[in-house]
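Descriptive analysis of the structure
The chain contents come next:
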Amino acid sequence: GAVVSQHPSWVICKSGTSVKIECRSLDFQATTMFWYRQFPKQSLMLMATSNEGSKATYEQGVEKDKFLINHASLTLSTLTVTSAHPEDSSFYICSAPWKAGVGYTFGSGTRLTVV
Amino acid sequence: AQSVTQLGSHVSVSEGALVLLRCNYSSSVPPYLFWYVQYPNKGLQLLLKYTSAATLVKGINGFEAEFKKSETSFHLTKPSAHMSDAAEYFCAVRTPGTASKLTFGTGTRLQVTL
C-alpha cells in the first residue's frame, strides 16, 4: 500500500521551455506532497510542501515563479519547472506522508536534463 | 530544529563483512527516525523506522538499527554485506507534532567489494 507514481522518470528539454512532473498517489489520499531536489552525490533538499486545495509552501531560497506546484486533488500533485535552464538539471523526487506522518512513500524520481 | 549527521560519506566493506553506517540526531523532543536506501536514479526505499516503540528495530534485507537516546544515535547495521547492498543510504528524522517534514542526512555511499 501507499504507492506514489512519479512521471516522467527522465526528461530532456531545451533551455527556456517548461517541464511538468507528476506525482500520483495510487492507493491512498495524499493531502500533502513534499517535493525534493537532489544534486549528484548529495542529499535531498526540500523545495516545497504542497497541500491539496491550498497554495504550496516554499523553502527559503526556492523561486516560487520558477517551480510551480499544483495540488488540485487528493491524488495528484505536479511540479512545473518554468523557463528551464541548465542549472535546473537535477533529480526531483516527490514524497507523501501517510499514517499521520509515521510513514512516507517516495516517487521513483525524475531526472531532468536541460540542454 | 531537528537534524541528523551521518559520519562517513563513503564506507567500503568486503562481501560478508559487517556493515555499520552511523547516524546521530539532534531533536528537542523524542524523534521518529528513518533509514532509507537509494539506488542510482531511483527513489528512496524505506529500510526501517523508529517511532518510540522497541529501541532495536529490524528492517528489510537483514538491516537493523538501535535507537540509543544517551548517545543520540541510530546506527544502521547488517551482519553480512552482500554485493546488492551497494547503494546510497540516508538517515532521516522527523519530529513528532510538526508538519511531518523529514530532514535528511548527507548520505553514506556503501561500496561492497569481493
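Summary of the structure given here. (Residues numbered from 1 in each chain as written. Chains lettered and ligands numbered in written order. Predicted model: local features only at pLDDT ≥ 70, side-chain atom pairs only at ≥ 80, totals over all residues. Heavy atoms only, no water.)

1. Looking at the nonpolar core
All names here are of chain B.
- Core analysis: the biggest nonpolar cluster contains 26 residues, and Trp 35, Leu 48, Phe 74, Leu 76 and Tyr 89 have the highest contact counts within it.
- Elements with a contribution of two residues or more to this core: β2 (10-14), β3 (19-21), β5 (32-38), β6 (44-50), β8 (64-68), β9 (73-78), β10 (87-94) and β12 (108-113).
- Here the element with the most residues in this core is β10; it accounts for four residues.
- Ignoring any residue separated from it by four or fewer positions in sequence, one finds Phe 74 in contact with Cys 23, Leu 33, Phe 34, Trp 35, Leu 48, Lys 49, Tyr 50, Val 57, Ala 65, Glu 66 and Phe 67. (Core = buried A, V, L, I, M, F, W, Y, C linked by side-chain atoms within 4.5 Å. Buried < 20%, exposed > 50% of the residue type's maximum accessible area, 1.4 Å probe, protein only. Helix = DSSP H or I, 4+ residues; strand = E, 2+ residues; numbered from the N terminus. Contact = heavy atoms within 4.5 Å.)

2. Topic: the sheet that holds strand β1 (residues 4-7) of chain A
Residues and elements named next belong to chain A.
- As summarised here, the arrangement of the four strands in space is β1-β3-β8-β7, forming an open sheet in which the pairing is antiparallel. Two strands close off the open sheet at either side, each with one partner strand: β1 and β7 (67-73). Between one strand axis and the next, the sheet turns by 15° as a mean value, whatever way the strands run.
- Examined bridge by bridge, strand β3 (residues 19-25) and strand β8 (residues 76-81) share six bridges and lie antiparallel to one another. What sits directly across from Glu 22, in β8, is Thr 78. (Pairing = 2+ DSSP bridges. Axes fitted to C-alpha atoms, helices over the stretch in contact; angles between N-to-C directions.)

3. Some thoughts on the interface of chain A and chain B
- Across the boundary between the two partners, chain A contributes 21 residues, which contact 20 residues of chain B.
- At the boundary of chain A with chain B, total buried surface from both sides reaches about 1500 Å², with 57% on carbon and sulfur atoms.
- It is A:Val102, A:Tyr104 and A:Phe106 in chain A that bury the most area against chain B; as a group they hold 34% of the surface buried on that side.
- Between the two partners, chain A and chain B, sit one salt bridge.
- A salt bridge links B:Lys101 to A:Glu59, with the shortest nitrogen-to-oxygen separation between them at 3.1 Å.
- Scanning the region where chain A abuts chain B turns up five residue pairs in polar contact (both at pLDDT 80 or more).
- Looking at the side of chain A that touches chain B, the elements that each hand over two or more residues are β4 (32-38), β5 (44-51), β9 (90-98) and β10 (103-106) of chain A.
- For the side of chain A that touches chain B, a count of residues per class yields eleven nonpolar, seven polar and three charged. (Buried area = accessible area lost by both parts, 1.4 Å probe. Salt bridge = Lys/Arg side-chain N within 4 Å of Asp/Glu carboxyl O. Polar contact = N/O pair within 3.5 Å; in protein donor to acceptor, adjacent residues only side chain to side chain. Nonpolar A, V, L, I, M, F, W, Y, C, P; charged D, E, K, R; others polar.)

4. Structural notes on the packing of aromatic side chains
- In this structure the tally under the stated criterion is 13 aromatic pairs over all chains.
- Plain terms: the ring middles of A:Phe106 and B:Tyr36 are 5.0 Å apart, the flat faces sit at 75° to each other, and that makes the pair edge-to-face. One end of the pair, A:Phe106, is in strand β10; the other, B:Tyr36, is in strand β5, on a second chain.
- Among the aromatic residues, those joined into a cluster by ring pairs are A:Tyr36, A:Tyr104, A:Phe106, B:Phe34, B:Tyr36, B:Phe90 and B:Phe104. (Phe/Tyr/Trp six-rings, centres within 6.5 Å; stacked < 30°, edge-to-face > 60°.)

5. What to know about the pairing of β8(A)
- Of all six residues in β8(A), five are buried, a share of seventy percent or more.
- In this antiparallel pair of consecutive strands, β7(A) and β8(A), the connection spans two residues.

6. Brief notes about the pattern of salt bridges
All names here are of chain A.
- Under the definition given, this model contains six salt bridges over all chains.
- A salt bridge links Arg 24 to Glu 22, with the shortest nitrogen-to-oxygen separation between them at 3.6 Å.
- Under the relative-accessibility criterion, Arg 24 is labelled partly exposed at 37%.
- With a relative accessible area of 26%, Glu 22 lands in the partly exposed category.
- For the salt bridge of Lys 66 with Asp 88, the shortest nitrogen-to-oxygen distance reads 2.9 Å. In this pair, Lys 66 is assigned in the loop between β6 (57-58) and β7 and Asp 88 in the loop between β8 and β9, connecting sequence segments 22 residues apart. Across this residue pair, the class does not change: Lys 66 and Asp 88 are buried.

7. Focus: the state of the cysteines
- Overall, the coordinates contain two disulfides over all chains when judged by the stated rule.
- Across a sulfur-sulfur distance of 1.8 Å, A:Cys23 and A:Cys94 are joined as a disulfide pair. For the disulfide bridge between A:Cys23 and A:Cys94, the dihedral angle about the S-S bond is near -95°, and by the sign convention the bridge is left-handed. One end of the pair, A:Cys23, is in strand β3; the other, A:Cys94, is in strand β9, with 71 residues separating them in the sequence. A:Cys94 shares its class with A:Cys23; the two are buried.
- Two residues share a disulfide in this structure: B:Cys23 and B:Cys91, whose sulfurs sit 2.0 Å from each other. The disulfide joining B:Cys23 to B:Cys91 has a torsion of about -60° about its S-S bond and is therefore left-handed. Of this pair, B:Cys23 sits in the loop between β3 and β4 (24-26) while B:Cys91 is found in strand β10, placing the two residues 68 residues apart along the sequence.
- By relative accessible area, B:Cys23 is classed as buried at 0%. (Disulfide = S-S within 2.5 Å.)

Shape is all these values report; function is a separate question.
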